[in-house]
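Structure assessment
The chain contents come next:
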Amino acid sequence: MKKADVKLLEKLNYHYNAFDKSKISPDPLEFLHRYNNYFDIEISGIISSTFAFGNIKQIMTILEKLHKIMGVSPYKFILKFDREKHAKKFVNIYHRFYSSNDIIAFFETLRDVYITYGSLRYLFILYFFEKDVSLKSAISFFCENLSNILSKHSEVTIGTKFMFPSPNKGSACKRMNLFLRWMIRKDELDFGLWDEISPSLLFIPIDTHIAKISKELKLTSKKIVNWGMVEEITNNLKKYDANDPIKYDFALCHLGMRKEQF
């Protein structure tokens with residue numbers, strides 16, 4: 001390893017260790033840590049990641065509202081979710097270009113998944129094979145399935161079209177990669193609930209902070225945030241930890257959010 005690479009590795013590991021659970025706030029991941037039940041964590045995870053766009057204050061505000069609506073058990077709420085019964089709870093609940101109706105359709109989609117498949121995990125691994133060297137194909141099938149279920153509950157809107165983009169169409173899939181990081185990696189931040197999938201297969205969730213710092217660290221030469229950038233940054237991070245390259249995501253993102261120096 002070149003001297004410059006050794007220096008970068010030292011800094012990456014320093015920041016990874018520095019950003020422990022005590023520094024989790026503000027982050028949508030906080031909501032998952034409210035629960036101990038597997039299904040509550042998984043549902044909080046897909047909801048928290050799906051709404052993880054916009055500024056952090058907006059994100060934390062809408063997630064607080066949604067988790068308050070769901071109460072002590074997101075899992076029980078989702079299983080019993082009924083549009084006619086619960087629609088009034090979502091009056092004036094919206095986020096950026098997710099309308100109240102988009103959000104209701106999203107909750108109906110989650111209900112259908114849990115009734116039909118038992119969990120998001122089971123739906124995902126239907127398209128995951130041990131021989132896979134990447135999660136790209138599994139992510140594509142997973143997002144397309146969720147989009148198909150969502151389409152049964154809502155006409156296509158700007159919001160519903162945005163919920164589950166596919167890497168096959170070039171999307172960076174930031175929010176889905178974030179959800180998968182929480183479910184597959186395991187340390188004091190991430191949960192490792194989907195333990196049949198190796199963290200080595202994960203992709204970096206790219207937001208503006210990750211894109212900016214990755215360009216500064218020469219982890220990417222690309223200018224446009226898309227799936228190509230995702231693969232390039234991920235492959236470069238594998239030089240520093242081939243088994244768990246995405247472990248650096250939280251620290252790099254929060255350095256950017258907090259405007260701290262790398």
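See the structure above.
Definitions and cut-offs
Residues numbered from 1 in each chain as written. Predicted model: local features only at pLDDT ≥ 70, side-chain atom pairs only at ≥ 80, totals over all residues. Heavy atoms only, no water. Helix = DSSP H or I, 4+ residues; strand = E, 2+ residues; numbered from the N terminus. Contact = heavy atoms within 4.5 Å. 1 Å grid on protein atoms, 1.4 Å probe; cavity = no way out; pocket = protein on both sides within 12 Å on 5 of 7 lines; lining within 4 Å. Points joined across faces, edges and corners; volume = space filled by probe spheres on them. Nonpolar A, V, L, I, M, F, W, Y, C, P; charged D, E, K, R; others polar. Expected span 1.5 Å × (residues − 1). Buried < 20%, exposed > 50% of the residue type's maximum accessible area, 1.4 Å probe, protein only. Polar contact = N/O pair within 3.5 Å; in protein donor to acceptor, adjacent residues only side chain to side chain.

**Considering the environment of Phe81**
Mapping Phe81 onto the fold places it in the loop between helix 5 (74-79) and helix 6 (83-86). Here Phe81 is in contact with His86, Phe90, Ile104, Phe107, Glu108 and Arg111, once residues within four sequence places are set aside.

**A word on the layout of surface pockets**
Over the atoms rolls a probe the size of a water molecule, and in doing so it shows where empty space is left. Estimated volume of the largest pocket: approximately 540 Å³. Along its surface, the largest pocket is lined by 26 residues, and Ala52, Gly54, Lys174, Asp207 and His209 are the ones closest to its centre. The set of elements that each furnish at least two residues to the lining of the largest pocket consists of helix 4 (56-70), helix 11 (174-184), helix 12 (208-216) and helix 14 (249-257). Residue composition of the lining of the largest pocket, by class: 15 nonpolar, 5 polar and 6 charged.

**Section: helix 3 (residues 38-50)**
When the terminal C-alpha atoms of helix 3 are compared, their 18 Å separation across 13 residues agrees well with the 18 Å that a helix rising 1.5 Å per residue should span. With respect to burial, helix 3 is a largely interior element, 11 of its 13 residues being buried. Listed in full, the buried residues belonging to helix 3 are Asp40, Ile41, Glu42, Ile43, Ser44, Gly45, Ile46, Ile47, Ser48, Ser49 and Thr50. For helix 3, the N-terminal capping position is held by Asn37, with its side-chain oxygen 2.9 Å away from the main-chain nitrogen of Phe39.

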